[in-house]
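# Descriptive structure summary
Below are the chains, spelled out letter by letter.
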Amino acid sequence: MKNRSLVSITDFTKEEYLRILELAQHFERNPIQKILEGYVVATLFFEPSTRTRLSFESAVNRLGGKVIGFSDASVSSTSKGESLADTIRTVSNYSDLIVMRHPIEGSARWASEVASVPIINAGDGANQHPTQCLLDLYTILQTQGTLDNLHVAFVGDLKYGRTVHSNVIALTHFNTTFHLVSPEELKLPSSVKMHIKEKQLEYYQYTDIQEVINKVDILYMTRIQRERFSDPMEYERVKNSYILTNSMLAGAKNNLRILHPLPRVNEIAYDVDANPKAYYFQQALNGVYVRQALIASILGLV
Ligand code: CP
């Protein structure tokens, strides 16, 4: 993994995912290790973020490195008309690794082609969010004791949900049975479904969340993302499609865990938070350990 960019979850093999998860366990046990002294990581966020940016920055700080960057593109020279390529070439001179979130699909790949340091894609439009995927795999392994042969439901915006796209592709390595719950307008794109079909895995599509709750090991909820809709009326039609409440979980399997990449709006009611099956805040914490593992691997420090 040394000096390699992570743009799409397909850039890494199954063995490489497992290596990152093993290293993340090591960082969970020993989160403070000063192996990054003298290194600079740039975090360039052209789109809003709480968890991804701050967990990357927390990971770098806990490893003894320094962070530069911006969390608001309006304070960077892109607001004066500078191209993404020129920004990336410039920041490559100031840092050893660039973590970038950008609203345009394909921007992270383009950045990796012009950068002289590795690029980690922290989300490019509706395309991919590979580091979220790795922390989701870590969380699934932590809660289920295995990644193999699980029934996983993805609920909500499967069309624009970049975390869903990365997760579905990664889970095809683990003989997952997929339960895909969405409004008709927000079904999983065929380009992602193709990965399931290539591995000849089972998948089922639903519009009613209640049909899957009692069948699955992981219930992965997602937000209907207002910012991805070009037609506000379409967003209004689908925005309240799924609201998970505590009473809906009465017949769920004991090992069921509810994940969500967060932020949530209303798709998980607050009364679910106290249910031991709710695991989304621990999931967000795991982002620090997984990102420590990834940074250390890409910089060749482990
Ligand atoms: N999961 C995730 O990407 O959250 P943020 O948008 O807060 O970074």
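Data block above holds the structure.
All of the points below concern the structure found in this document.

Criteria and cut-off values
- Residues numbered from 1 in each chain as written.
- Predicted model: local features only at pLDDT ≥ 70, side-chain atom pairs only at ≥ 80, totals over all residues.
- Heavy atoms only, no water.
- 1 Å grid on protein atoms, 1.4 Å probe; cavity = no way out; pocket = protein on both sides within 12 Å on 5 of 7 lines; lining within 4 Å.
- Points joined across faces, edges and corners; volume = space filled by probe spheres on them.
- Helix = DSSP H or I, 4+ residues; strand = E, 2+ residues; numbered from the N terminus.
- Nonpolar A, V, L, I, M, F, W, Y, C, P; charged D, E, K, R; others polar.
- Near = heavy atom within 4 Å.
- Polar contact = N/O pair within 3.5 Å; in protein donor to acceptor, adjacent residues only side chain to side chain.
- Areas by Shrake-Rupley, 256 points an atom, 1.4 Å probe, with all protein chains shown as cover.
- Sits in = over half its atoms within 2 Å of the grid points.
- Pairing = 2+ DSSP bridges.
- Axes fitted to C-alpha atoms, helices over the stretch in contact; angles between N-to-C directions.
- Contact = heavy atoms within 4.5 Å.
- Parallel < 35°, antiparallel > 145°, perpendicular 65-115°, else oblique.
- Left-handed = near helix turned anticlockwise from the far one by under 90°.
- Expected span 1.5 Å × (residues − 1).
- Right-handed = clockwise from strand over helix to strand, strands pointing away.

If you roll a probe as big as a water molecule over the atoms, it shows you where there is empty space left. One number sums up the size of the largest pocket: a volume of about 410 Å³. Residue lining of the largest pocket: 22 residues in total, with Arg-101, Arg-162, Arg-223, Leu-262 and Pro-263 positioned closest to the centre. Elements with a contribution of two residues or more to the lining of the largest pocket: helix 2 (51-62) and helix 6 (162-171). Along the lines of polarity and charge, the residues of the lining of the largest pocket split into four nonpolar, ten polar and eight charged.

With that settled, consider the site of the ligand. Taken together, Ser-49, Thr-50, Arg-51, Thr-52, Arg-101, His-129, Gln-132, Pro-261 and Leu-262 form the complete shell of residues around the ligand. Within the backbone of Pro-261, an N or O atom sits 2.8 Å from a nitrogen atom of the ligand. Burial of the ligand by the protein amounts to 92% of the accessible area it has alone, namely 250 Å². The pocket occupied by the ligand, as judged from atoms lying within 2 Å of grid points, is the largest pocket. Along the lines of polarity and charge, the residues of the shell around the ligand split into two nonpolar, five polar and two charged.

Let us now look at the sheet that holds strand 1 (residues 40-45). One open sheet accounts for four strands, arranged 2-1-3-4; its pairing is parallel. At either margin of the open sheet sits one strand with a lone partner, and together these are strand 2 (66-70) and strand 4 (119-124). The mean angle between the axes of side-by-side strands here comes to 15°, regardless of whether they run parallel or antiparallel. Relative to strand 3 (residues 97-102), helix 3 (residues 84-92) is tilted by about 155°, and along the sheet it contacts strand 1, strand 3 and strand 4.

Where helix 6 contacts helix 7 (residues 190-198), the axes come no closer than 9 Å and their chain directions differ by 15°. Considered as vectors, helix 6 and helix 7 are oriented roughly parallel to each other. Like other packed secondary-structure pairs, helix 6 and helix 7 cross with a definite hand, here left-handed. Residues His-165, Val-168 and Ile-169 of helix 6 pack against Val-192, His-195 and Ile-196 of helix 7. Across the contact of helix 6 with helix 7, the residue classes break down as four nonpolar, two polar and no charged.

Residue position: Ser-55 is located in helix 2. A polar atom in the side chain of Ser-55 sits 3.3 Å from the backbone oxygen of Thr-52. Setting aside residues up to four positions removed in sequence, Ser-55 forms contacts with Gly-287, Val-288 and Arg-291.

A few words on helix 2. Taking 1.5 Å per residue, twelve residues should reach 16 Å; helix 2 reaches 16 Å between its end C-alpha atoms and fits that length. As for helix 2, its buried residues are in contact with strand 1, strand 2, strand 3, strand 4, helix 5 (130-144) and helix 10 (280-298). Where helix 2 ends, the next residue or the one after it, Gly-64, has phi of about 85°, a positive value.

We now examine the sheet that holds strand 5 (residues 151-155). On the basis of which strands lie adjacent, the open sheet formed by five strands has the order 7-6-5-8-9 and parallel pairing. The open sheet has two free edges, formed respectively by strand 7 (203-206) and strand 9 (257-259), since each of these has just one partner strand. Going from strand to strand, the sheet's axes swing by 20° on average, the running direction of each strand aside. Both strand 5 and strand 8 (residues 218-221) contribute to a ladder of four bridges, which runs parallel. The residue of strand 8 that forms the bridge with Phe-154 is Tyr-220. Across the sheet, helix 6 touches strand 5, strand 6 (177-181) and strand 8, and the angle it forms with strand 5 is around 165°.

Bringing the pairing of strand 2 into the picture now. Examined bridge by bridge, strand 1 and strand 2 share five bridges and lie parallel to one another. For Ala-42, the partnering residue across the bridge sits in strand 2 and is Ile-68. Regarding the hand of the β-α-β motif, the stretch spanning strand 1, helix 2 and strand 2 is right-handed.

Quick look at empty space enclosed by the protein now. Applying the stated criterion to the full structure yields one cavity of 30 Å³ or more. By volume, the largest cavity amounts to about 50 Å³. Around the largest cavity sit Arg-51, Gln-132, Leu-135, His-260, Pro-261, Leu-262, Tyr-280, Gln-283, Ala-284, Gly-287 and Arg-291, which together line it. Of all the elements in the fold, those that place two or more residues in the lining of the largest cavity are helix 5 and helix 10. Considering each element in turn, the lining of the largest cavity owes the most residues, five residues, to helix 10. Of the residues belonging to the lining of the largest cavity, the class tally is five nonpolar, four polar and two charged.

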